[in-house]
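Report on the structure
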Amino acid sequence: MTRTPRRPANPLDAAEALFKPAKKVAPAPAIERRALPNVKEQVSLKLDSDVLAYFQAEGPGWQERINDALRAAMKDDH
């Protein structure tokens, strides 16, 4: 009876034996969620520094002023 060696004699075979093929797991399907009306979402937004300075110049409430300006731009577009 011929016994197979416990370790492969070829270093390449030994290296290949250490790596098993990865099992592919299907990702869970994305859950579509409807946005609630009048709920604000936190986002990261890059603005030019002069645009930001313009809205911040009047003090607190600058984020709401940017939101109002964007909303006005939406109305002008339609």
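Predicted model, so just to flag it, every value in this text is computed and none were measured.

We now examine the overall build of the protein. In terms of helices and strands, the protein carries 3 helices and 0 strands. Secondary structure elements of the protein occur, N-terminal to C-terminal, as α-α-α. Burial statistics for the protein: of 78 residues in total, 3% are counted as buried. A total of about 8700 Å² of accessible surface is found on the protein, and carbon and sulfur atoms cover 56% of it.

Time to look at a nonpolar patch on the surface. Taken together, the side chains of Val-43, Leu-45, Leu-47 and Val-51 present a nonpolar region at the surface, about 350 Å² in accessible area. You can see Leu-45 is positioned in the loop between helix 1 (11–18) and helix 2 (49–56).

With that settled, the discussion passes to the layout of surface pockets. Taken as a whole, the largest pocket encloses approximately 740 Å³ of empty space. In terms of lining residues, the largest pocket is bounded by 17 residues, among which Lys-40, Glu-41, Val-43, Gln-63 and Asn-67 are the most central. Residues that form the lining of the largest pocket fall into these classes: 9 nonpolar, 4 polar and 4 charged.

Going through the model one piece at a time under the given rule, you end up with 1 aromatic pair. Ring geometry for Tyr-54 versus Phe-55: centroids 5.2 Å apart, planes at 90°, classification edge-to-face.

What follows is about the packing of helix 2 against helix 3 (residues 62–77). How two helices sit against one another is set out by the angle between their axes and by the gap between those axes. Interaxial distance between helix 2 and helix 3 falls to 8 Å at its minimum, and their mutual angle equals 110°. Between helix 2 and helix 3, the angle is such that the two are roughly perpendicular. Once helix 2 is placed against helix 3, the crossing between them reads as right-handed. Of the residues in helix 3, those in contact with Leu-52, Phe-55 and Gln-56 of helix 2 are Trp-62, Arg-65, Ile-66 and Ala-69. The residue inventory of the contact of helix 2 with helix 3, partitioned by class, reads 5 nonpolar, 1 polar and 1 charged.

Here we come to unusual backbone geometry. Outside of glycine, negative phi angles account for most residues, and trans bonds account for most peptide bonds. Here Asn-38, not a glycine, exhibits a phi torsion of approximately 60°, which is positive. Among the secondary structure elements, Asn-38 is positioned in the loop between helix 1 and helix 2.

Reading the values: rules and limits
- Residues numbered from 1 in each chain as written.
- Predicted model: local features only at pLDDT ≥ 70, side-chain atom pairs only at ≥ 80, totals over all residues.
- Heavy atoms only, no water.
- Helix = DSSP H or I, 4+ residues; strand = E, 2+ residues; numbered from the N terminus.
- Buried < 20%, exposed > 50% of the residue type's maximum accessible area, 1.4 Å probe, protein only.
- Areas by Shrake-Rupley, 256 points an atom, 1.4 Å probe, with all protein chains shown as cover.
- Patch = residues over 30% accessible without salt bridge, like charges linked within 9 Å, V, L, I, M, F, W, Y side chains within 5 Å.
- Salt bridge = Lys/Arg side-chain N within 4 Å of Asp/Glu carboxyl O.
- 1 Å grid on protein atoms, 1.4 Å probe; cavity = no way out; pocket = protein on both sides within 12 Å on 5 of 7 lines; lining within 4 Å.
- Points joined across faces, edges and corners; volume = space filled by probe spheres on them.
- Nonpolar A, V, L, I, M, F, W, Y, C, P; charged D, E, K, R; others polar.
- Phe/Tyr/Trp six-rings, centres within 6.5 Å; stacked < 30°, edge-to-face > 60°.
- Axes fitted to C-alpha atoms, helices over the stretch in contact; angles between N-to-C directions.
- Parallel < 35°, antiparallel > 145°, perpendicular 65-115°, else oblique.
- Left-handed = near helix turned anticlockwise from the far one by under 90°.
- Contact = heavy atoms within 4.5 Å.

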